[in-house]
Amino acid sequence: MGVEICVEGLTKSFGHQVIWQDVSLTLPAGEVSVMLGPSGTGKSVFLKTLVGLLKPERGSIKVAGRDITKLREHDLYEVRKLFGVLFQDGALFGSMNLYDNIAFPLREHTRKSESQIRRIVLEKMDMVGLIGAEGKLPGEISGGMRKRAGLARALVLDPEIILFDEPDSGLDPVRVAYLNQLIVDLNAQIDATFLIVTHDIASARQVPDNIGLLFRRELVMFGPREKLLTSDEPVVRQFLNGRMQGPIGMAEEKDAAQVEQELAQLGDGEHTTTPGGQELPPRLLPGPGITRPPRWEAIARREAEVHRKERKAEPHRKEVAGA
Ligand SMILES: Nc1ncnc2c1ncn2[C@@H]1O[C@H](COP(=O)(O)OP(=O)(O)OP(=O)(O)O)[C@@H](O)[C@H]1O
């Protein structure tokens, strides 16, 4: 059933450069959370800090109740076994075939026999749809297949937490849709806690239970998907709509007067609906045949409630649109 990660007052710098400060959030056990933010805001640094690869200057990270910022290397090594990490490029060894790449953590970290390893590797390859590709080298397969192989490798030690660093980067929209479904199905099947760093807004709208946004060295917001998607916070609205008008500039934050002028020019109509004037998209559900853990009943109830409220608001929206 996954474990909770509770982050409090976390600050990370490199020399004088503060990457982010005073970040507090809870990744609820078994839920899917997405972290968004403009390039360079420290999303990858955040993932590396959660898994103990980077040390924060201040704050705590409690994983299953243990503060990993205080652990010695040996204990940290044990806690890291709770994590599976999918790096951006899959981080596969180029000279090993997919079978050996996926078997690698089992051979390194367990004393399992080769026949046990074979059973686990084939089970995980089946979960990500890679059966038949065991003998391929990473250089011989597509980017999407490499991501799925990286995911199979992240799964072999049965992690309680999986961190995904831009799983959709470099994939076409159809492959992204398949990958999103795979992520939702996997979450229902293994019930681990997922944190996904992505730039893909369509994925962020449909896949997670929770969304966070990093900007200007701070966590602007973190909360349930519906809350972020209907937020009036200018940074959140700008990012979720992928538009130029708003506080986020090309390289630096913008001057406050310019931001105000740009937002005023966007017009009042925009404020009557969810960001982008779009309806709250339905949450992506596990595919047919996937047994859903009990928490999905709560998700279904929450979804129904959101759409009931939306339908109630509908006549008002139409009036405003027609005015
Ligand atoms: N080991 C390091 N030493 C010094 N600076 C680093 C190190 N790792 C990352 N940084 C800096 O931290 C900042 C945040 O980098 P990070 O890769 O986490 O951003 P990001 O939000 O994931 O960006 P993107 O969306 O473009 O992948 C960058 O300015 C980067 O140069």
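Residues numbered from 1 in each chain as written. Predicted model: local features only at pLDDT ≥ 70, side-chain atom pairs only at ≥ 80, totals over all residues. Heavy atoms only, no water.

Undergrad: Teacher, can you tell me more about helix α5 (residues 143–155) here?
TA: For the α-helix, the turn length of 3.6 residues means that residues three or four positions removed from each other point alike. Its 13 residues place the ends of α5 19 Å apart at the C-alpha level, agreeing with the 18 Å of an ideal helix rising 1.5 Å per residue. Those residues of α5 that fall on the buried side of the exposure criterion are Gly144, Lys147, Ala149, Gly150, Leu151, Ala152, Arg153, Ala154 and Leu155. Where the residues of α5 are buried, they touch β6 (83–86), α3 (98–109), α4 (114–127), β7 (161–165) and α6 (173–190). (Helix = DSSP H or I, 4+ residues; strand = E, 2+ residues; numbered from the N terminus. Expected span 1.5 Å × (residues − 1). Buried < 20%, exposed > 50% of the residue type's maximum accessible area, 1.4 Å probe, protein only. Contact = heavy atoms within 4.5 Å.)

Undergrad: Teacher, can you tell me more about the pairing of strand β1 (residues 5–14) here?
TA: Residues in a regular strand project their side chains so that they alternate between the two faces of the sheet. Across the 10 residues of β1, 7 count as buried, placing the element largely inside the fold. Where β1 lies against strand β2 (residues 17–27), 7 bridges are found, and the strand directions are antiparallel. Within β2, the residue paired with Phe14 across the bridge is Gln17. Here β1 folds back onto β2 in antiparallel fashion, the turn holding 2 residues, of which Gly15 has a positive phi close to 60 degrees. (Pairing = 2+ DSSP bridges.)

Undergrad: How should the sheet that holds strand β9 (residues 210–215) be read in this particular structure?
TA: By way of backbone hydrogen bonds, the strands of a sheet pair with one another, either parallel or antiparallel. Read from one edge of the open sheet, 6 strands run β6-β7-β8-β3-β9-β10, paired in mixed fashion. Since the sheet does not close on itself, it has two edges, and those belong to β6 and β10 (218–224), each with one partner. The mean inter-strand angle of the sheet, taken between neighbouring strand axes irrespective of direction, is 15 degrees. Strand direction decides the pairing type here: strand β3 (residues 32–36) and β9, joined by 4 bridges, are parallel. Across the sheet, the residue bridging to Leu36 is Leu213, located in β9. (Axes fitted to C-alpha atoms, helices over the stretch in contact; angles between N-to-C directions.)

Undergrad: What's the story with the site of the ligand in this structure? I'm lost.
TA: Neighbouring the ligand are 13 residues; Gly40, Lys43, Ser44, Val45 and His199 lie closest to it. Between Gly42 and the ligand, the recorded distance is 3.0 Å, taken from a backbone N or O atom to an oxygen atom. Between the ligand and His199, the relevant distance is 2.8 Å, taken from an oxygen atom to a side-chain nitrogen or oxygen of the residue. Elements with a minimum of two residues in the shell around the ligand: β2 and α1 (43–50). Taken together, the residues of the shell around the ligand sort by class into 4 nonpolar, 7 polar and 2 charged. (Near = heavy atom within 4 Å. Polar contact = N/O pair within 3.5 Å; in protein donor to acceptor, adjacent residues only side chain to side chain. Nonpolar A, V, L, I, M, F, W, Y, C, P; charged D, E, K, R; others polar.)

Undergrad: Explain the packing of α3 against α4 here, please?
TA: Helix-helix packing is characterised by the crossing angle of the two axes and by the distance between the axes. Interhelical geometry of α3 versus α4 gives an angle of 120 degrees and a closest axis separation of 10 Å. Put simply, α3 runs oblique to α4. As α3 packs across α4, the resulting crossing turns out to be right-handed. Seen from α3, the contacting residues are Leu98, Tyr99, Ile102, Ala103, Leu106 and Arg107; seen from α4, they are Glu114, Ile117, Arg118, Ile120, Val121, Leu122 and Met125. Of the residues belonging to the contact of α3 with α4, the class tally is 10 nonpolar, no polar and 3 charged. (Parallel < 35°, antiparallel > 145°, perpendicular 65-115°, else oblique. Left-handed = near helix turned anticlockwise from the far one by under 90°.)

Undergrad: What exactly am I supposed to notice about the pattern of salt bridges here?
TA: Side chains that differ in charge, positive against negative, can pair when their charged atoms come close. With the rule as written, the count across this model stands at 12 salt bridges. In this structure, Glu78 engages Lys81 in a salt bridge whose closest nitrogen and oxygen atoms are separated by 3.5 Å. Accessibility expressed as a relative area gives 37% for Glu78, which makes it partly exposed. The network of salt bridges with shared partners includes Asp100, Arg107 and Glu114. (Salt bridge = Lys/Arg side-chain N within 4 Å of Asp/Glu carboxyl O.)

Undergrad: Looking at this structure, I do not really get the nonpolar core. What am I missing?
TA: General note: in soluble globular proteins, nonpolar side chains tend to be found buried as a group. Formed by 55 residues in total, the largest nonpolar core has its most connected members in Leu36, Leu98, Val121, Phe164 and Phe194. At 7 residues, α6 tops the list of elements feeding residues into this core. Excluding its chain neighbours within four sequence positions, the residues that come into contact with Val121 are Tyr99, Ile102, Ala103 and Leu106. Counting residues in each nonpolar core, the second largest holds 29 residues, with Val7, Val23, Val45 and Val197 among its members. (Core = buried A, V, L, I, M, F, W, Y, C linked by side-chain atoms within 4.5 Å.)

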